[in-house]
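Each chain, written out:
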Amino acid sequence: MYYFDNAATTKVLKEAADEARDCMLNLYGNPSSLHKLGLEAENKMTASRKTIANVFGCKEKEIIFTSGATESTNIALFGAANKGKRKGNKIITTEIEHASVKHCIDELENMGFCIVRVKSKDGRYYADDIIDAVDENTILVSVMHVNNENGLILPVEKIATGVKNKNNNVIVHVDGVQSFCKLPIDLSKSKIDLMSVSGHKINAPKGIGALYIREGVKIPPHSFGGDHEHGIRPGTESLPLIAAFAAAAKINMTNIQKSINHYKNLKSHILSRIKDNDEIKLNSKENSVPYIVNISIEGIGSEIMLHFLESKEFCVSSGSACSKSKKSGVLPHMGYSRERELTAIRISFSMENSKEQLDMLIDAILQGQKNIMKK
Ligand code: PLP
């Protein structure tokens, strides 16, 4: 199969798998144990934390390991809401958040918090629209850095700075899943308080993620147990997954510029091949990452095209992996028609994808466009 669904999940790098295996077979002590095996495990965990902290440009103690971004986000959002509830009850977000944020926010709304879901303008989200919504009563802002369906980049740094200037008590959370290790970030210079990231989008195994919590920001835990991860995420840490996460992050960061260039070449290639095709429309605007390209093929439902491509050995996605066959409504929120959403497919790259593979994928899409009976 040719895999073009890297925004859904990625193949684990051999180096990451080797790290996990080594930890399972050799470094199997509990990092909290006082004996030699425990200490060795703890050292490995400290080194891994340092690697992840380096990606963020933050301190090691600002990183807690979780089971993935969904857990990080739950800790962040419920923690921040709980902490802030005596000061106010307004929470600001966008309409295009991933289910892991959206459903936390929906639950907070059920609990009585007042939610403002900022709307897009010309398919974009402007920092000023989010900052304008902040008032005395606001306790939390949560925005994604890169949208998982069409790769739109949101101005998270600008948002965090503006929000804090207006009301320094607001906690700013960023869903950094689709940008982590793909776009450079330096949290030491940023006003962002919390950031959720995931291992399986960067060639680490599933079941590992991290939450950045800026020094000085105190949020109450969401679950209770031992004092692992400062008591914010209790439970014995999974060293094999943590070490694999760090190994994958290190390799991705070493190659970040090379990857960006590779993805830019792939994206411009696909754009040049579809530009004269009136029935194929681009749903990823200029202000989007080069590694996610969302297109709609007029008259052909996403799932039909997806299965046609699958029969030709290509894996793409019909939108967000978490929405499966349900449509998320994200593209209409960005001003694209419902028809565009129903016919959208997402192509997302990894370093394993070559221009030749992409050409074969585009050929298959064009063949599908000719052969599949239109609605
Ligand atoms: N946020 C975004 C933007 C995502 O794309 C995803 C995964 O698809 C998540 C959050 C959830 O991450 P995880 O699978 O690690 O819980």
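This text follows the structure it describes.
Everything in this summary refers to the structure shown in the same document. Note that the structure is a prediction, hence the values are computed from the model and not measured. (Residues numbered from 1 in each chain as written. Predicted model: local features only at pLDDT ≥ 70, side-chain atom pairs only at ≥ 80, totals over all residues. Heavy atoms only, no water.)

1. Here's the deal with the pattern of salt bridges
Applying the stated rule across the entire model yields 24 salt bridges. When the shortest N-O distance is used, the salt bridge between aspartate 186 and lysine 189 registers 3.0 Å. Relative accessible area serves as the criterion here: at 28%, aspartate 186 is assigned to the partly exposed category. When salt bridges that share partners are traced, they join Lys102, Asp106, Glu109 and Arg117 into one network. (Salt bridge = Lys/Arg side-chain N within 4 Å of Asp/Glu carboxyl O. Buried < 20%, exposed > 50% of the residue type's maximum accessible area, 1.4 Å probe, protein only.)

2. So, the pairing of strand E12 (residues 344-348)
Counting buried residues along E12, five of its five residues qualify, which places the element largely inside the surrounding structure. With burial as the criterion, each face of E12 is covered, one bearing Ala344, Arg346 and Ser348 and the other bearing Ile345 and Ile347. In this sheet, E12 lies alongside strand E10 (residues 292-297) in antiparallel orientation, the contact comprising five bridges. Opposite asparagine 294, over in E12, you have arginine 346 as the bridge partner. (Helix = DSSP H or I, 4+ residues; strand = E, 2+ residues; numbered from the N terminus. Pairing = 2+ DSSP bridges.)

3. Looking at the packing of aromatic side chains
A full pass over the atoms with the stated rule returns nine aromatic pairs. Residues phenylalanine 4 and phenylalanine 349 carry aromatic rings whose centres are separated by 6.3 Å and whose planes lie at 80° to one another, so their mutual orientation is edge-to-face. Taken together, the residues phenylalanine 4 in the loop between strand E1 (2-3) and helix H1 (14-25) and phenylalanine 349 in the loop between E12 and helix H12 (355-371) connect sequence positions 345 residues apart. On the basis of relative accessibility, which here comes to 0%, the residue phenylalanine 4 falls in the buried class. With relative accessibility at 3%, the residue phenylalanine 349 sits in the buried group. (Phe/Tyr/Trp six-rings, centres within 6.5 Å; stacked < 30°, edge-to-face > 60°.)

4. Concerning the side chain of glutamate 341
The residue glutamate 341 is located in helix H11 (residues 338-342) in this model. A relative accessible area of 2% places glutamate 341 in the buried class. Within polar-contact distance, the side chain of glutamate 341 engages the side chain of arginine 338 at 2.5 Å. Once residues lying within four places of it in the same chain are set aside, the contact partners of glutamate 341 are Ser302, Lys327, Ser328, Gly329, Val330, Leu331 and Pro332. (Polar contact = N/O pair within 3.5 Å; in protein donor to acceptor, adjacent residues only side chain to side chain. Contact = heavy atoms within 4.5 Å.)

5. Here's the deal with the environment of methionine 351
Position of methionine 351 among the secondary structure elements: in the loop between E12 and H12. As for methionine 351 and isoleucine 295, which are separated by 56 residues in sequence, their C-alpha atoms are 21 Å apart. Once residues lying within four places of it in the same chain are set aside, the contact partners of methionine 351 are Lys258, Ser259, His262 and Tyr263.

6. Focus on the nonpolar core
Considering soluble globular proteins, one finds that nonpolar side chains tend to be buried as a cluster. If you look at the biggest cluster of nonpolar residues, it comprises 49 residues, and the most contacted ones within it are Phe56 and Phe245. The element that contributes the greatest number of residues to this core is helix H7 (residues 239-254), accounting for eight residues. With near-sequence residues (within four places) excluded, phenylalanine 245 lies in contact with Ile52, Phe65, Phe180, Val197, Ser198, Gly199, Ile202, Ala204, Ile208, Gly209 and Ala210. In this structure, Tyr263, Ile280, Val293 and Ile362 belong to the second largest nonpolar core, which totals 31 residues. (Core = buried A, V, L, I, M, F, W, Y, C linked by side-chain atoms within 4.5 Å.)

7. Here's the deal with the packing of helix H3 (residues 69-84) against helix H4 (residues 99-110)
Where H3 contacts H4, the axes come no closer than 9 Å and their chain directions differ by 30°. Taken together, the axes of H3 and H4 are roughly parallel relative to one another. H3 and H4 meet at a crossing whose hand is right-handed. Residues Thr70, Thr73, Asn74, Leu77, Phe78 and Ala81 of H3 lie in contact with H4, whose contacting residues are Ser100, Val101, Cys104, Ile105, Glu107 and Leu108. (Axes fitted to C-alpha atoms, helices over the stretch in contact; angles between N-to-C directions. Parallel < 35°, antiparallel > 145°, perpendicular 65-115°, else oblique. Left-handed = near helix turned anticlockwise from the far one by under 90°.)

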